[in-house]
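Listed here are the chains, written in short residue letters.
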Amino acid sequence: MTVRAPQTKHGDRLVQFSSAVPSGDDQNDIVSMEWSMVKDEGGTVQKAPAVVVVHESGSSMEVGRLFAGSLRHLGFHTFMIQMPYYGLRRSNSRQRHEVDQVTAMRQAVADVRRARDAVAVLPEVDSRTITLQGTSLGGFVSTTAASLDGKYDGVFLMLAGGDLYDIVQNGKKDAAKARERLARQGLTGEKLKAVTMSVEPTRVAHRLNPSRVWLYSGMFDTVVPPKNADLLAATVGLEKSHHVKMPANHYSGVVFLPMVFTHIQQEINAIHAGSK
């Protein structure tokens, strides 16, 4: 792992490590995380809990960066991990649309698992509390990654759900775009169902600790419809208080983010207090 000056305007440091599941593309196989540091008024870095943030499907990763910046201001070191073929991992503007998305998603799951280990060894991080937050595509990746070994102390899923095949097959807007890209790669029907099962969150989500998982869903979401969000919540075994339903669709939910940020802050602080 290396820690260096950021190569963009985002984050205070750039943390990089080798992907746990190499794709054969040297540039893509170096994972980059944008580290936004907690500092005091004098600019000295403070020891604090950490949040690994997994961004949405948009190429600019705006929502992921918004989560990272906002949670940093609320007292947590944040590490926004760039998924395969995003940001510094992409060699050209078309590359992300030409690769096998499901294979890239499997690599992302492995990278998010390894990210926890990378963050834990940083002396500025209070490793007693390292949590995970993912939005939309990042929420699916986060669900699977956190389920596999249970190393994250809290998991905060935004606009995620279960039955990935159903979402890709029937969802609108972002889901429809993903369906079109997969179809161009010959992945339709039973082939699509088979490959999506390899990254299906509900196959492993029952392994999560429901007392440490929160799901934020849009009541009018047509990308990840409510039935799919409810399926994930039921698989994890979430109590009603851990499944926050917002009167919003997949995009208008942005107006509720201040509430989401505050809620995440409160829950992480409670987890951290219990770790002392």
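This report concerns the structure included in the present document. (Residues numbered from 1 in each chain as written. Predicted model: local features only at pLDDT ≥ 70, side-chain atom pairs only at ≥ 80, totals over all residues. Heavy atoms only, no water.)

## Quick look at the layout of surface pockets
Spelled out, the test is: Think of a 1 Å grid over the protein atoms and nothing else: a 1.4 Å probe that fits but is trapped marks a cavity, an open set flanked by protein within 12 Å on at least five of seven lines marks a pocket, and residues with an atom within 4 Å of a point count as lining. Grid points are joined across faces, edges and corners, and a volume is the space filled by probe spheres set on the points. Counting from the N terminus, the helices are DSSP H or I runs at least four residues long and the strands are E runs at least two residues long. Following the grouping adopted for this structure description, the nonpolar residues are Ala, Val, Leu, Ile, Met, Phe, Trp, Tyr, Cys and Pro, the charged ones are Asp, Glu, Lys and Arg, and the polar ones are all others, Gly among them.
Computed from the structure, the largest pocket encloses a volume of approximately 600 Å³. Lining the largest pocket we find 30 residues, and of these Ser57, Gln101, Leu137, Ala178 and Arg181 sit closest to its centre. Put simply, the parts of the chain that give the lining of the largest pocket at least two residues each are helix H2 (95-98), helix H3 (101-120), helix H4 (137-149), helix H5 (164-170) and helix H6 (174-184). When residues in the lining of the largest pocket are grouped by element, the largest group, six residues, is from H6. Of the residues in the lining of the largest pocket, the class split is 19 nonpolar, seven polar and four charged. By volume, the second largest pocket is sized at about 330 Å³. Lining the second largest pocket are 18 residues, with Glu56, Val63, Thr135, His250 and Tyr251 sitting closest to its centre. Class assignment of the residues belonging to the lining of the second largest pocket gives a composition of seven nonpolar, eight polar and three charged.

## Focus: the sheet that holds strand S3 (residues 30-36)
For clarity, the threshold we go by: Note on pairing: two strands pair once DSSP finds at least 2 bridges between them. In this analysis, axes come from line fits to C-alpha atoms, helices being fitted only over the stretch in contact, and the angle between any two N-to-C directions falls in the range 0 to 180 degrees. By definition in these notes, contact holds between two residues if any of their heavy atoms fall within 4.5 Å.
What the nine strands build is an open sheet, ordered S1-S2-S3-S5-S4-S6-S7-S8-S9; its pairing is mixed. The open sheet has two edge strands with one neighbour each: strand S1 (2-4) and strand S9 (243-246). Here the strands of the sheet are splayed against their neighbours by 20 degrees on average, with no regard to which way each runs. Relative to strand S6 (residues 125-135), H3 is tilted by about 155 degrees, and along the sheet it contacts strand S2 (13-18), S3, strand S4 (48-54), strand S5 (77-81) and S6. Where H4 meets the sheet, it contacts S4, S6 and strand S7 (155-158), and its direction lies at approximately 135 degrees from that of S6.

## Digging into empty space enclosed by the protein
Under the counting rule described, the total for this entry stands at one cavity of 30 Å³ or more. Here the largest cavity defines a volume of roughly 40 Å³. In terms of residue class, the lining of the largest cavity is built from three nonpolar, four polar and two charged.

## Description of the packing of H3 against H4
Put simply, the rule reads: Roughly parallel covers angles under 35 degrees, roughly antiparallel covers those over 145, roughly perpendicular covers 65 to 115, and oblique covers all other angles. Two helices crossing with the near one rotated counterclockwise from the far one by less than a right angle form a left-handed crossing, whereas a clockwise rotation gives a right-handed crossing.
The contact between H3 and H4 brings their axes to 9 Å, and the two run at 55 degrees. Classified by the angle their axes make, H3 and H4 are oblique. The two elements H3 and H4 meet at a crossing, and its hand is right-handed. Seen from H3, the contacting residues are Met105, Ala108, Val109, Val112 and Arg113; seen from H4, they are Leu137, Phe140, Val141, Thr144, Ala145, Leu148 and Asp149. Per-class residue counts for the contact of H3 with H4 are nine nonpolar, one polar and two charged.

## Concerning the packing of aromatic side chains
Note on aromatic pairs: each is described by the distance of the centres and the angle between the planes. For clarity, the threshold we go by: Planes of paired rings set the category: under 30 degrees apart is stacked, over 60 is edge-to-face and the rest tilted, where pairs are Phe, Tyr or Trp rings (Trp by its six-membered ring) whose centres lie within 6.5 Å. Remark: exposure states derive from per-residue accessible area (1.4 Å probe, protein chains only) relative to the maximum for the residue type, with buried under 20%, exposed over 50%, and partly exposed in between.
Under the criterion given, the structure shown has three aromatic pairs. An angle of 25 degrees between the planes, with centres 5.1 Å apart, marks the rings of tryptophan 35 and phenylalanine 79 as stacked. Residue tryptophan 35 is located in strand S3, and its partner phenylalanine 79 is located in strand S5; the two are separated by 44 residues in the primary sequence. Like phenylalanine 79, tryptophan 35 is buried. Ring geometry for phenylalanine 156 against tryptophan 214: centres 5.0 Å apart, planes inclined by 10 degrees, an arrangement best described as stacked.

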